[in-house]
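The lines below spell out each chain.
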Amino acid sequence: MNNKTSIKLPELLSPAGDMSRLKAAVKFGADAVYLGGSIFSMRTAPENFSNEQLFAAVDYCHERGVKVYLACNVLARNEEFARLPKFLENAKNSGVDGLIISDLGVMDYAKKYAEGVEIHISTQAGVVNFASANVLYQMGARRIVPARELSLEEIAGIRANIPTDMDIECFIHGAMCVSFSGRCLISNYLVGRDSNRGDCAQPCRWKYSLVEETRPGMFFPIEQDGNGTYLFNSKDMCMIEHIPELIQAGVTSFKIEGRAKSEYYVSVITNAYRAALDAYKSNPTNDFQVDDWILDEMRKVSYRDYCTGFYFSSPSEDANISYKGGYNREWDVVAVVDKWEDGIAYCTQRNRFFEKDTLDVLEVGVRPFTIVAEELKNEAGETIESTNQAMMKFRFRCAEPLSVGAILRKKREDCNRVII
């Protein structure tokens, strides 16, 4: 792979939990976004999009050459089909480029009530072979998101035996589910929240111990670990160092997990993969390596220990379990730039920092760089030692021009964390 003129990059597909996160994804280089409506979506935690907001979102993206895929991937119950035609008709009228579907009945309705809109088969359909992919193609699907448990070799086997105009979309970054293709009932059993209908409470992340029936209140660790045992807690996936392998396997869309993640998370991860893909296009070799700064960005968000999922090993070989709870949080967002003018940066606070602190700057299309906050002042022009009030307006001297919306970050020390 060294023909720079013929290389076609995979689509970079980013999550959009609401309009602000959608705009962040577009701003930082996504080729497409996926989102959910107010119903029929597998994520109820994010704000999602009303019918009116969906129209606005599609218009915003299409004006910038970005595609929009709407999740309609719940396993619908009988009584829900009465509401489905109107939902699908609205989706078609909004101009969405694709519908993400896991249920065959919903797929049948989509062909009738959203005729002409591409059908993408969700990972929850559990497609693990080319025969299933071909049947779905014959039924009208033009994209599959294979089961997350497949190796790159298995994905390549599917690619070699399906039509060339059928896309393969794969998750390449983000949280992993402990169950097969997201089919899980733990949340249903423990808290009555249906994980197959977008309401998972993520009990797989909780800490578990063993209790004996006649000794209530006495909890015994299942393994020797003073912090308890995380039986079902998966690591996060990160495939940014394996772009050539993904492309060789036939993956045509790189999907970032995280519709419930923050605007900041979407910005950082989209920006990093955009930079990595563009760098690969200029040097499409098998031994391609991403720059160190891109790898560093992977750890400037909240994350669990990273792994490569099951692309290189089966679940029986390595279950990718994280034996600690919570996230790694090494950086804080301290401010967002409102404007830069005549050597002065005007900002809105997100976390406390101090005068003369070194800040890391995230902007679109450039490698992150550092500045030092000099002559820190509040909105009234009074000299201050730190930005110690939530969402306060402030300014400081900065010779380096900063763009509107630039994100200022600081290595974690004693900041009071707030996610944007």
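Owing to the predicted nature of the structure, the values given are computational and were not obtained by experimental measurement. (Residues numbered from 1 in each chain as written. Predicted model: local features only at pLDDT ≥ 70, side-chain atom pairs only at ≥ 80, totals over all residues. Heavy atoms only, no water.)

Undergrad: Account for the overall build of the chain, naming residues and giving values.
TA: The number of helices and strands found in the chain is 10 helices and 19 strands. Counting the 420 residues in the chain, one finds 53% classified as buried. In the chain, 68% of the contacts between residues at least 6 apart in sequence involve partners at least 24 apart. For the chain, the exposed area adds up to about 19400 Å²; of that, 48% sits on carbon and sulfur atoms. (Helix = DSSP H or I, 4+ residues; strand = E, 2+ residues; numbered from the N terminus. Buried < 20%, exposed > 50% of the residue type's maximum accessible area, 1.4 Å probe, protein only. Contact = heavy atoms within 4.5 Å. Areas by Shrake-Rupley, 256 points an atom, 1.4 Å probe, with all protein chains shown as cover.)

Undergrad: Any details on helix α1 (residues 19-27)? Residues and values, ideally.
TA: Among all positions of α1, only Arg21, Leu22, Ala24, Ala25 and Val26 are buried. Those residues of α1 that are buried lie in contact with β1 (11-15), β2 (32-36), α2 (51-62) and α9 (263-282). One or two steps after α1, the chain reaches Gly29, where phi turns positive at roughly 110°.

Undergrad: Please provide a residue-by-residue account of the confidence of the model for the chain, values included.
TA: Averaged over all residues, the pLDDT of the chain equals 88, while 81% of them reach at least 70. Low pLDDT, under 50, characterises residues 1-5; the stretch is placed with 12 contacts to residues that sit more than four places away or in other chains. Counted against residues more than four places away or in other chains, residues 414-420, with its pLDDT under 50, gives 23 contacts. (pLDDT = per-residue confidence, 0-100.)

Undergrad: Before we move on, could you go through the pattern of salt bridges and cite the residues and values that matter?
TA: Where charged atoms of side chains with opposite charge meet at close range, the side chains can pair. Per the stated rule, a full pass over the model turns up 21 salt bridges. Close ionic contact of Lys255 with Glu169 constitutes a salt bridge, the shortest N to O distance being 3.0 Å. Here Lys255, found in strand β11 (residues 253-256), pairs with Glu169, found in strand β7 (residues 167-175); they are 86 residues apart in sequence, far enough to count as distant. According to the relative accessible area criterion, Glu169 is buried, its value standing at 1%. Put simply, Asp236 and Arg304 hold a salt bridge, and the shortest N to O gap is 3.3 Å. Residue Asp236 is found in strand β10 (residues 236-238), and its partner Arg304 is found in the loop between α10 (292-297) and β12 (306-307); the two are separated by 68 residues along the sequence. As far as the burial class goes, Asp236 and Arg304 line up, both buried. Taken together, the salt bridges that share partners define one network made up of Glu11, Arg143, Asp167, Glu169 and Lys255. (Salt bridge = Lys/Arg side-chain N within 4 Å of Asp/Glu carboxyl O.)

Undergrad: Give a description of the packing of helix α3 (residues 84-94) against helix α4 (residues 104-113) that names residues and reports values.
TA: Contact geometry for α3 and α4: axes closest at 9 Å, N-to-C directions at 55°. In terms of axis orientation, α3 runs oblique to α4. For α3 against α4, the interelement crossing comes out right-handed. Facing α3, whose interface residues are Leu84, Pro85, Leu88, Glu89 and Lys92, α4 presents Val106, Tyr109, Ala110 and Tyr113. Class assignment for the residues of the contact of α3 with α4 results in seven nonpolar, no polar and two charged. (Axes fitted to C-alpha atoms, helices over the stretch in contact; angles between N-to-C directions. Parallel < 35°, antiparallel > 145°, perpendicular 65-115°, else oblique. Left-handed = near helix turned anticlockwise from the far one by under 90°. Nonpolar A, V, L, I, M, F, W, Y, C, P; charged D, E, K, R; others polar.)

Undergrad: Can you lay out the side chain of Ser122 for me, pointing to particular residues and giving the numbers?
TA: Along the chain, the position of Ser122 falls in the loop between β5 (118-121) and α5 (130-138). Filtering out sequence-adjacent residues up to four positions away, Ser122 remains in contact with Asn73, Ile100, Ile101, Ser102 and Val145.

Undergrad: Quick rundown of the nonpolar core? Include the residues and the values.
TA: Core analysis: the largest hydrophobic core is formed by 91 residues, its most contacted members being Leu22, Val33, Leu35, Leu99 and Ile240. The biggest single contributor to this core is α9, with 10 residues. With 20 residues, the next largest nonpolar core counts Val337, Phe369, Ile371 and Phe394 among its residues. (Core = buried A, V, L, I, M, F, W, Y, C linked by side-chain atoms within 4.5 Å.)

Undergrad: Please provide a residue-by-residue account of the packing of α1 against α2, values included.
TA: Between α1 and α2, whose axes approach to 11 Å, the crossing angle comes to 10°. Overall, the two elements α1 and α2 adopt an arrangement that is roughly parallel. Residues Met19, Leu22, Lys23 and Val26 of α1 touch α2, and the partners they reach there are Ala56, Ala57, Tyr60 and Cys61. Residue classes in the contact of α1 with α2 are distributed as seven nonpolar, no polar and one charged.

Undergrad: Help me get a handle on the environment of Asp59, residues and values and all.
TA: Within the element layout of this structure, Asp59 appears in helix α2. On a C-alpha basis, the gap between Asp59 and Ser94 in space is 8.2 Å, while along the polypeptide they are 35 residues apart.

Undergrad: I'd like a rundown of the packing of aromatic side chains, residues and numbers included.
TA: With the rule as written, the count across this model stands at six aromatic pairs. Summarising the aromatic geometry, the rings of Phe353 and Phe394 are spaced 5.6 Å apart at their centres and angled 65° between planes, so their arrangement reads as edge-to-face. Of the two residues, Phe353 is situated in the loop between β14 (344-349) and β15 (358-362) and Phe394 in strand β18 (residues 393-397); the sequence distance between them amounts to 41 residues. Classification of Phe353 as buried rests on a relative accessible area of 0%. (Phe/Tyr/Trp six-rings, centres within 6.5 Å; stacked < 30°, edge-to-face > 60°.)

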